[in-house]
Amino acid sequence: MSGHNKVQSRHTERQRDREEQGAMDGQSSLVQEVLDVGLPSSLTSPKESAIDYIYTACYCEENVYMLCKRLCQLGLAMPDASDLFVVFISNSNCKVPLWRQKSKSSLEEGFCIWDYHVICIQKNLKGKGSAQVWDLDSTLPFPTSLDQYVSEALRPWAIWDAKFFRLYRVVAVPMYLQYFASDRRHMKGEDGDWSAPPPLYDCIVGEDGAIHNLEEYIRMKDEQVLGDSKEALMQVTNRKFGVLLSEDGLQHLFA
């Protein structure tokens, strides 16, 4: 791991070749569908393909926000989003390795080191089958089982240097949709220019009036990690900024 020291930042990562102009075509109407309460009657069989969801390169925290709303609208999640969890992946060094990423700057096997990344995990409330991971930036199936995501994208056994050990902030989606806010200041340079084109829709504002609290989700300290998965399960549904877990804690929470 120590041989790969280039960090892919949300502030510096540029628009990918993944969709080029195709990713933007039709986005305005899709955004409106997500922001509206209902769905058009013509939409009856959703496609489980990452390209069919609202996506803006370098804005993973907003992509997941819109994804969670869409999953509920399409009937792919509980209407109240009670089975969905947003997971911020980072650490105190803001250097976390991931594999199977679509980034143009990724190395062999889609390897790159992010300052942070955000995914959605869907828990099976009926207790049957593995939890599912929805990662719009992954080359894995969409969605993929948590077991496969751990095996191919996280690969915890491949990380030996402590400065790359990952932490996971798990936030219940009902709380995330209520309180998350971003004015996208982190994507502007000192000259005021965008480091990557922003989403087409307006900035997300929290129901409490907050206009920007992204750093509260990304900021992670080892001493804040909850070691008891049962305690984490009890607290995650009512904590504004979720709970902070270790590698093992994440897997135990969704076991």
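Residues numbered from 1 in each chain as written. Predicted model: local features only at pLDDT ≥ 70, side-chain atom pairs only at ≥ 80, totals over all residues. Heavy atoms only, no water.

Per an unreviewed UniProt entry, the chain carries the name Protein N-terminal glutamine amidohydrolase and comes from Sphagnum jensenii. Here is the UniProt Sequence similarities (unreviewed entry) comment for the chain, exactly as written: "Belongs to the NTAQ1 family." The record held by UniProt for the chain lists under Catalytic activity (unreviewed entry) the comment "N-terminal L-glutaminyl-[protein] + H2O = N-terminal L-glutamyl-[protein] + NH4(+)". (UniProt positions renumbered as here; feature names shortened; annotations may be inferred.)

(A) Fine view of the packing of aromatic side chains. Scanning all chains against the criterion turns up 13 aromatic pairs. Considering the side-chain rings of tyrosine 65 and phenylalanine 180, the 6.1 Å spacing of their centres and the 45 degrees angle between planes classify their relative orientation as tilted. In this pair, tyrosine 65 is assigned in helix α2 (residues 60-73) and phenylalanine 180 in the loop between α4 (173-179) and α5 (214-218), connecting sequence segments 115 residues apart. Through pairs of rings, three or more aromatic residues link up here, namely Tyr65, Phe88, Tyr176, Phe180, Tyr217 and Phe241. It is lysine 188 that lies over the ring of tryptophan 194; its NZ or CZ is 4.7 Å from the centre. (Phe/Tyr/Trp six-rings, centres within 6.5 Å; stacked < 30°, edge-to-face > 60°. Helix = DSSP H or I, 4+ residues; strand = E, 2+ residues; numbered from the N terminus. Lys NZ or Arg CZ within 6 Å of the ring centre and 35° of its normal.)

(B) Representation of helix α3 (residues 146-154) in the model. Among all positions of α3, only Leu146, Tyr149, Val150, Ala153 and Leu154 are buried. Down the axis of α3, the smallest arc covering the buried residues is 110 degrees, so these residues share one side. Buried residues belonging to α3 abut β3 (96-98), β5 (117-122), β6 (132-134), β7 (144-145), β8 (167-172) and α7 (247-253). Of the residues one or two after α3, arginine 155 is the one with positive phi, at around 45 degrees. (Buried < 20%, exposed > 50% of the residue type's maximum accessible area, 1.4 Å probe, protein only. Arc of directions from axis to C-beta. Contact = heavy atoms within 4.5 Å.)

(C) Examining the sheet that holds strand β2 (residues 84-90) more closely. The six strands lie next to each other as β7-β6-β5-β2-β8-β9, forming an open sheet whose pairing is antiparallel. Edge positions in the sheet fall to β7 and β9 (243-245), since each of these pairs with one other strand and no more. Strand direction decides the pairing type here: β2 and β5, joined by six bridges, are antiparallel. Of the residues in β5, the one forming a bridge with phenylalanine 85 is isoleucine 121. (Pairing = 2+ DSSP bridges.)

(D) The arrangement of the side chain of glutamate 62 in detail. Assignment of secondary structure puts glutamate 62 in helix α2. Overall, the relative accessible area of 0% leaves glutamate 62 in the buried class. A polar side-chain atom of glutamate 62 sits 2.9 Å from a polar atom in the side chain of arginine 184. Apart from residues lying up to four places away in sequence, glutamate 62 is in contact with Phe180, Ser182, Arg184, Pro199, Tyr201 and Ile204. (Polar contact = N/O pair within 3.5 Å; in protein donor to acceptor, adjacent residues only side chain to side chain.)

(E) Spotlight on the pairing of β8. Buried residues dominate β8, accounting for six of its six residues. Judged by which residues are buried, β8 turns out to be covered on both faces: Leu167, Arg169 and Val171 on one side and Tyr168, Val170 and Ala172 on the other are all buried. Pairing geometry for β2 and β8, over six bridges, is antiparallel. In the sheet register, isoleucine 89 faces β8, and the bridge partner there is tyrosine 168. Sheet topology places β8 next to β9; three bridges connect them, and they run antiparallel. Bridge pairing links arginine 169 to leucine 244 in β9.

(F) Spatial organisation of the state of the cysteines. Applying the stated rule across the entire model yields zero disulfides. Here cysteine 60 stays unpaired: no disulfide links it, and the sulfur of cysteine 58, its closest cysteine neighbor, is 8.8 Å away. In this structure cysteine 60 comes out as buried when scored by relative accessible area, which is 2%. Free cysteine: cysteine 72, not disulfide-bonded; nearest cysteine sulfur from cysteine 68 at 7.0 Å. Overall, the relative accessible area of 16% leaves cysteine 72 in the buried class. (Disulfide = S-S within 2.5 Å.)

(G) View of α2. Taking 1.5 Å per residue as the helical rise, α2 with its 14 residues ought to reach 20 Å, and the 20 Å between its terminal C-alpha atoms agrees with that figure. Most of α2 is tucked away, with 13 of its 14 residues classed as buried. Just downstream of α2 lies glycine 75, where phi reads positive at about 80 degrees. (Expected span 1.5 Å × (residues − 1).)

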